[in-house]
Amino acid sequence: MRTTSHLAMLVLAAPMAACYTYSEGSFTSVAPGSEIRVEVTRQTALRFQEALAGDYRSLEGTVKSWDGESMMLDVVSTTRQTGFQFEPLRQTLQLEPADVAFVEIGYFHLTALFL
């Protein structure tokens, strides 16, 4: 019985051991659906200041679309509390190559499960 409960705990905790790892990429190499982290220029951060409720130079989000000239990036702008739950509120931002200083592409890894 004790072994069963330990196994159940391992199965429930396993997804928490997985993580995103980011590696350097280029603006033109991202595909829709990719999780990315970008550092935007100061001018771009100021342009998005109102939409994001702050001055953020580093953004993390999901690429919604990429048409060869610009991308639509879905980011969490803030959270709203409803009772005991926090709900993320999202914004979709349009970025062009000149808006971005650095791009990192996220990769989901399960390797921690097998160590």
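Just above sits the structure.
Summary of the structure given here. (Residues numbered from 1 in each chain as written. Predicted model: local features only at pLDDT ≥ 70, side-chain atom pairs only at ≥ 80, totals over all residues. Heavy atoms only, no water.)

Overview of the pattern of salt bridges
Step number 1: A complete count under the given rule lists six salt bridges for this structure.
Step number 2: One salt bridge connects arginine 47 with aspartate 99, and the closest N-O pair in it is separated by 3.3 Å. Separated by 52 residues along the polypeptide, arginine 47 in helix H2 (residues 42-47) and aspartate 99 in the loop between strand E5 (85-95) and strand E6 (100-109) bring together distant segments of the chain.
Step number 3: Arginine 47 gets classed as partly exposed once you look at its relative accessible area, which sits at 47%.
Step number 4: A salt bridge links aspartate 74 to arginine 90, with the nearest nitrogen and oxygen atoms 2.5 Å apart. With a gap of 16 residues between them, aspartate 74 in strand E4 (residues 71-82) and arginine 90 in strand E5 connect regions that are remote in the sequence.
Step number 5: Overall, the relative accessible area of 43% leaves arginine 90 in the partly exposed class.
Step number 6: Through salt bridges that share partners, Arg37, Glu60 and Glu104 make up one connected network. (Salt bridge = Lys/Arg side-chain N within 4 Å of Asp/Glu carboxyl O. Helix = DSSP H or I, 4+ residues; strand = E, 2+ residues; numbered from the N terminus. Buried < 20%, exposed > 50% of the residue type's maximum accessible area, 1.4 Å probe, protein only.)

Some points on the pairing of E5
Step number 1: When E4 meets E5, the two strands line up antiparallel, connected through eleven bridges. Bridging from a neighbouring strand, aspartate 74 pairs with threonine 92 of E5. (Pairing = 2+ DSSP bridges.)

Re the side chain of threonine 44
Step number 1: Position of threonine 44 relative to the elements: it lies in helix H2.
Step number 2: According to the relative accessible area criterion, threonine 44 is buried, its value standing at 1%.
Step number 3: Excluding residues that lie within four positions of it along the chain, threonine 44 makes contacts with Leu95 and Asp99. (Contact = heavy atoms within 4.5 Å.)

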